Amino acid sequence: MPLLPSTVTRLDHVLATAQRTGRLPSVTAALVRGGELVWSGAVGTVDGRADGRPADADTQYRMGSITKTFIAVGVLRLRDAGRLDLADRFGAHVPGSALDDVTIEQLLSHASGVQAETNGPWWERTQGGDWDSLAAATGPRFRAGRRFHYSNVGYAALGRLLEVHHGRGWFDVVQDELLEPLGMTRTTTRPTGSTAQGLAVHPFADVLLPEPEHDAGAMAPAGQLWTTATDLARWAAFLGGNTHGLLEADTLSEMVEPHHVVDEPGQPWSGAHGLGWQVWNANGIRYAGHGGSMPGFLAGLRVQLTTDSRTTASGCRPRAVGASGDGVVVLTNTTASAVTKTIGPDLLSTLAELEPAPVTPWSAAGDASLLELVGTWHWGPAVEVVTIVGEHLVLGEPGAGRGSRFRRTGPDAWEGLDGYHTGEPLRVVRHPDGSVSHLDLASFRFTRTPYDPAADVPGGVDDSGWR
């Protein structure tokens, strides 16, 4: 459904204000909802001059490190096809470098300890070389797995991994497997058609300096791609769950799980990194996406992860489960500006304030045959409540303590989906007459009354009972 004209006017004003206060030569942005583009805007000119050509949603900008998310999805597609395991050593697939012993998962989540940048000149502003030259001059900074350490070199290695497995260039793989199926025809490795000039804005004067553009060679998978707001909005919709069958929903959910916290000294933890995607936790709301910067350009993509509608209202788990998450993309042609950190969140909050996302009405869709499991249970003397929400058995409050949802895996067999009990088995134990005796959750015994002696409580129950 189209946005109200008043909403469009406010969004346009937010973008125009950011362009002026941030002294951005030009900026384009787009919003997605329900997997579809609902708004786009542009302010400024492609060369930053008042009489220059106005930017629009089809103007190309460099996306910088958002390129890494395409590489990561390509690697997960290989994993899903059974061609590698995330626990594999990188050297088992691409031998002959100092990265031989780090795992593919560590490279994806920036936990490999590999150096952040190349040893040569500033790679973002100089012509790139080939993989052999890069690999010969690459080494670790930390023990693999010790901590989060953002590594552009690590993603150059993952790009090489795609090339080795597919026998062709990394961009050919990305283009054939992702860009073309998604209709992202304006996403390229070098500028084509209508493009913005990369610019540096002087910090103390309203003057501009053109930035260089080149082929980064083996480092290109870390940040080479150019795109438009319209194209990048399609990628935001992909992250929101509208994957067009190119990636399994469970794999996308796995990619946006926080694997390593980004630890900023003196700051509360609010950011983490998944498998290729950045993850943010803002006041309990989970977002995923990625930022990007190259000389002359800044970019951002952020999507509010949807919640699984089959959980309780107060215990929803953020996951990429459907094409309903609001998302924003922002592209601008300046090397540095603090305002770019707030444009995306401001646009998202404006959309949410003026036109809240639609709410799916509740309807009765439970399984009446499971009523024998609902109600009060006891883990020792502690009281827990079991409910059935949709197809899930819910123990306590997911997100609080050890509360969790469980999915059915067989007759009287369930598996945990959240928190402490993720992946753990829950078994319904019955009396000889078929009635429910107790619940066995990963060896913990849940009984209808505290320490029910008839429920075979491990360790037994004192013969004299409560006193």
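Note: the structure precedes this text.
Residues numbered from 1 in each chain as written. Predicted model: local features only at pLDDT ≥ 70, side-chain atom pairs only at ≥ 80, totals over all residues. Heavy atoms only, no water.

### Points about the nonpolar core
Consideration 1: Counting 73 residues, the largest nonpolar core has F70, F90, L108, L158, W235, W277 and L301 as its most contacted members.
Consideration 2: When near neighbours in sequence (up to four residues on either side) are disregarded, F90 contacts S97, L99, D100, V102, T103, L107, W131, A157 and L161.
Consideration 3: Membership of the second largest hydrophobic core comes to 20 residues, among which are L15, W280, V330 and V339. (Core = buried A, V, L, I, M, F, W, Y, C linked by side-chain atoms within 4.5 Å. Buried < 20%, exposed > 50% of the residue type's maximum accessible area, 1.4 Å probe, protein only. Contact = heavy atoms within 4.5 Å.)

### Quick notes on the pattern of salt bridges
Charged atoms that come close allow side chains of opposite charge to pair.
Consideration 1: Tallied over the entire structure, the rule returns 19 salt bridges.
Consideration 2: The salt bridge partner of D101 is R89, with a shortest N-O separation of 3.0 Å. Of this pair, D101 sits in the loop between α2 (67-80) and α3 (104-108) while R89 sits in the loop between α2 and α3, and the two are twelve residues apart along the sequence.
Consideration 3: On the basis of relative accessibility, which here comes to 60%, the residue D101 falls in the exposed class.
Consideration 4: What makes R89 partly exposed here is its relative accessible area of 38%.
Consideration 5: Salt-bridge contacts for D440 lead to R427; the nearest nitrogen and oxygen are separated by 3.8 Å. One end of the pair, D440, is in strand β19 (residues 436-441); the other, R427, is in strand β18 (residues 425-430), with 13 residues separating them in the sequence.
Consideration 6: On the basis of relative accessibility, which here comes to 13%, the residue D440 falls in the buried class.
Consideration 7: Because the salt bridges share partners, they merge into one network encompassing R79, D80 and E254. (Salt bridge = Lys/Arg side-chain N within 4 Å of Asp/Glu carboxyl O. Helix = DSSP H or I, 4+ residues; strand = E, 2+ residues; numbered from the N terminus.)

### Let's talk about the packing of α2 against helix α5 (residues 152-166)
Consideration 1: Taken N-terminus to C-terminus, the directions of α2 and α5 make an angle of 45°; their axes are 10 Å apart at the nearest point. Here α5 runs oblique to α2, going by the angle between their axes. Seen along the crossing, α2 lies across α5 with a hand that is left-handed. Judged by residue contacts, K68, I71, A72, G74, V75 and L78 of α2 engage N152, Y155, L158, G159, L161, L162, H165 and H166 from α5.
Consideration 2: When its residues are assigned to classes, the contact of α2 with α5 shows eight nonpolar, five polar and one charged. (Axes fitted to C-alpha atoms, helices over the stretch in contact; angles between N-to-C directions. Parallel < 35°, antiparallel > 145°, perpendicular 65-115°, else oblique. Left-handed = near helix turned anticlockwise from the far one by under 90°. Nonpolar A, V, L, I, M, F, W, Y, C, P; charged D, E, K, R; others polar.)

### Concerning the sheet that holds strand β17 (residues 413-416)
Picture the strands of a sheet paired through backbone hydrogen bonds; they go either parallel or antiparallel.
Consideration 1: Spatial strand order, β13-β14-β15-β16-β17-β18-β19-β20: eight strands in a closed barrel with antiparallel pairing. On average, adjacent strands in this sheet sit at an angle of 30° to one another, irrespective of strand direction.
Consideration 2: Pairing analysis gives three bridges linking strand β15 (residues 392-395) to strand β16 (residues 404-410), with the strands arranged antiparallel. Along β16, the bridge assignment pairs L395 with S404. (Pairing = 2+ DSSP bridges.)

### A word on the side chain of E124
Consideration 1: Relative to the helices and strands, E124 resides in the loop between α3 and α4 (131-136).
Consideration 2: Although E124 is buried, it forms no salt bridge, and the closest oppositely charged side chain is K68 at an N-O distance of 7.1 Å.
Consideration 3: Side-chain polar atoms of E124 contact the side chain of W122, separated by 2.9 Å.
Consideration 4: Apart from the residues lying within four places of it in its own chain, the contact partners of E124 are H214, S293, M294 and P295. (Lys, Arg positive; Asp, Glu negative; His and termini not counted. Polar contact = N/O pair within 3.5 Å; in protein donor to acceptor, adjacent residues only side chain to side chain.)

### Side note on the environment of D12
Consideration 1: Along the polypeptide, D12 turns up in helix α1 (residues 5-21).
Consideration 2: When its relative accessible area of 34% is taken as the criterion, D12 is described as partly exposed.
Consideration 3: Put simply, D12 and S40 are 28 residues apart on the chain and 8.6 Å apart in space, counted from C-alpha to C-alpha.

### Focus on the sheet that holds strand β2 (residues 36-44)
Consideration 1: The eight strands are arranged β2-β1-β12-β11-β10-β9-β8-β7 in an open sheet whose pairing can be described as antiparallel. In this open sheet, the two strands that pair with only one neighbour each are β2 and β7 (260-261).
Consideration 2: In this structure, strand β8 (residues 271-273) lies alongside strand β9 (residues 278-282), joined through three bridges in antiparallel fashion. Across the sheet, residue G271 finds its bridge partner in β9, namely W280.

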